[in-house]
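# Structural description and commentary
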Amino acid sequence: MSDHALGSVTQGSLSKGLEVRLHADVSVEEMRVGKFLVIQGRRSRFFCLLTDVSLGTANPRILANPPNINDDFLIDVLAGSGTYGTLELAPMLMLTESEKESSYGESSIEKINGQGDRQSNGNGLASYQANSNADVELLPVKTIPAHFSQVFEASEKDFRLVFGWEDDPFRRNFAIGEPLDMAVPVCLDLDRFVERSNGVFGKSGTGKSFLTRLLISGIIHKQAAVNLMFDMHSEYGWEAMREGKTVSTVKGLRQLFPGEVEIFTLDAESTKRRGVRGAQELYLSFDQIEIEDIRLVGFELGLSEAALDNANILFSEFGSSWISRLLVMSNEEIKVFCEEKQGHPGSIMSLQRKLKRLENLKYLKQVSTHNYIDQLLQCLEAGKHVVIEFGSQSNLLSYMLATNMITRRIHGIYVKKAEKFLQTKHVGDRPRQLVITIEEAHRFLDSAIVHQTIFGTIAREMRKYFVTLLVVDQRPSGIDNEVMSQIGTRITCLLNDEKDIEAIFTGVSGGQNLRSVLAKLDSKQQALVLGHAVPMPVVVRTRPYDQQFYSEIGCQDWPNKTDAEVLTEAAIAREDLGF
């Protein structure tokens, strides 16, 4: 907390926030929405988020007869007394130190017993647990400071006390960005992040993909979980285009972590054209498609409920080969089948015509002798992170079908592993935590189909079977409310649509004060972070995904380094090895 007071609390309430009158020597132009401020109460400190800025006057006659624009003396006389600036603050966190002089620098690195066992209060806004090991108690705000309590800018120490630091040896903290007006890292607790499903939201062009790549890099670097990414636009695995006027690329996960990330492709030709190295081909077969998969893509295929009901009749008769048998049946054979099994000829013929579109998908075969999903699962069990590229097969029908087929089987295997672990209680039987990343998430989690898809099941089960989701979407209002309420941490870039903004705060009590903050974010490199992995909601300037980031996570760009830099690094390495 800085020493210079910015203003005083004049009025407010717990539900609507606090009003602060700025002191005369503080310019209202220095106050930006999203800024962090600290109110020093008599018993506690209140961490607050600036949600609105306004101007006020002590007497309406000043507005009726304003001073001349050239009369600097009168303007200065009125400033702070007759005219003043006011701030609207939303209290986010109460902080009570356990000791009068609590140290939270390097000396507080010792772990506090029981610190990690405190539970969230369950309102969904934040974890209310410090991401550092300082001996402090963080509480949800259930009271407000007294009249004329002084307001200060939050200092670097305040942020480190609450959000910790990235190189904390006792925690898997990962810096996602910095406050809007300070150069101090804001960290996520990755252990808390991966144990629940999470979301990255924002309208098109706000940098969701870069932010998602940043988060997954942190999970890989800190070894918090294994990742399975369904890469719809082939931008996570090898490289991706950087937005801007100049044509340039950024490294994908395989280049950053060459020994830890495997790329599987559903379109080998596209992958080769883009120069991706070491990608493995992935094929699925008709006998792996179940009714649930077809129901998910029913809208894309134009299927009616009657057609899906008749698909159940075909599945009951032919088992896993029902699609292969249907596609080769003649009209006469369909009529005979319907007479024997009480099906509807028109519905089955319509189903046959529309399922023929599946024959155009490059990755689908009639029968596959090799089980590619088992191969993929072996990579995950070995601690490898898997990116599945779609190449030219990135239309919604193709993406939704393959994603659902693969996820359903992997989830089924994880359920068995989790049940075995619950039986044996042996550490060696504990499944690796798995994070599954899907784009266009509202297509899988729409209210009409969410209860019939594997993704709805995973979102509701949370950490029960060690599988969680990372959903990436530009229309959060299209996601079922029950699923949104289960999203643990929400990282949200700019949204303009009122329905989408409202959806972000589904299942979050006390989040309405943040609506104005979300609507005023910049269109690039700014995000509101709230939920299970952060001690309090925070607006950040997101961490750049650039050469500096590559080096910070251990990926050195050796070809572009000078000889002197390489020799210096070599000398350090020799010294570390004891030579």
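Conventions we followed
- Residues numbered from 1 in each chain as written.
- Predicted model: local features only at pLDDT ≥ 70, side-chain atom pairs only at ≥ 80, totals over all residues.
- Heavy atoms only, no water.
- Helix = DSSP H or I, 4+ residues; strand = E, 2+ residues; numbered from the N terminus.
- Expected span 1.5 Å × (residues − 1).
- Polar contact = N/O pair within 3.5 Å; in protein donor to acceptor, adjacent residues only side chain to side chain.
- Pairing = 2+ DSSP bridges.
- Core = buried A, V, L, I, M, F, W, Y, C linked by side-chain atoms within 4.5 Å.
- Buried < 20%, exposed > 50% of the residue type's maximum accessible area, 1.4 Å probe, protein only.
- Contact = heavy atoms within 4.5 Å.

A few words now on helix α15 (residues 396-424). Across its 29 residues, α15 extends 41 Å between first and last C-alpha, which sits within 8% of the 42 Å expected from 1.5 Å per residue. Two to three positions downstream of the cap, the backbone nitrogen of L397 sits 3.2 Å from a side-chain oxygen, assigning the N-cap of α15 to N395. Note on α15: the residue one or two positions beyond its end, K425, has a positive phi of about 60 degrees.

So, on to the pairing of strand β1 (residues 5-13). On any regular strand, side chains alternate: one points to one face of the sheet, the next to the other face. As judged from the 3 bridges shared by β1 and strand β7 (residues 150-153), these two strands associate in the antiparallel manner. Bridging across to β7, A5 finds its partner in F152. Pairing of β1 with strand β2 (residues 17-22) involves 6 bridges; the strand directions are antiparallel. Across the sheet, Q11 pairs through a bridge with E19, a residue of β2. Count of turn residues in the β1/β2 antiparallel hairpin: 3 residues.

This part covers the nonpolar core. Core analysis: the biggest nonpolar cluster contains 158 residues, and F193, W322, L355, L358, L376, I388 and I410 have the highest contact counts within it. In terms of residue count, the dominant contributor to this core is α15 (13 residues). For W322, the contacting residues outside a window of four places in its chain are I289, I291, I294, A311, L314, F315, L351 and L355. In terms of nonpolar packing, the next biggest core, distinct from the first, is built from 17 residues, V20, M31, F46 and L89 among them.

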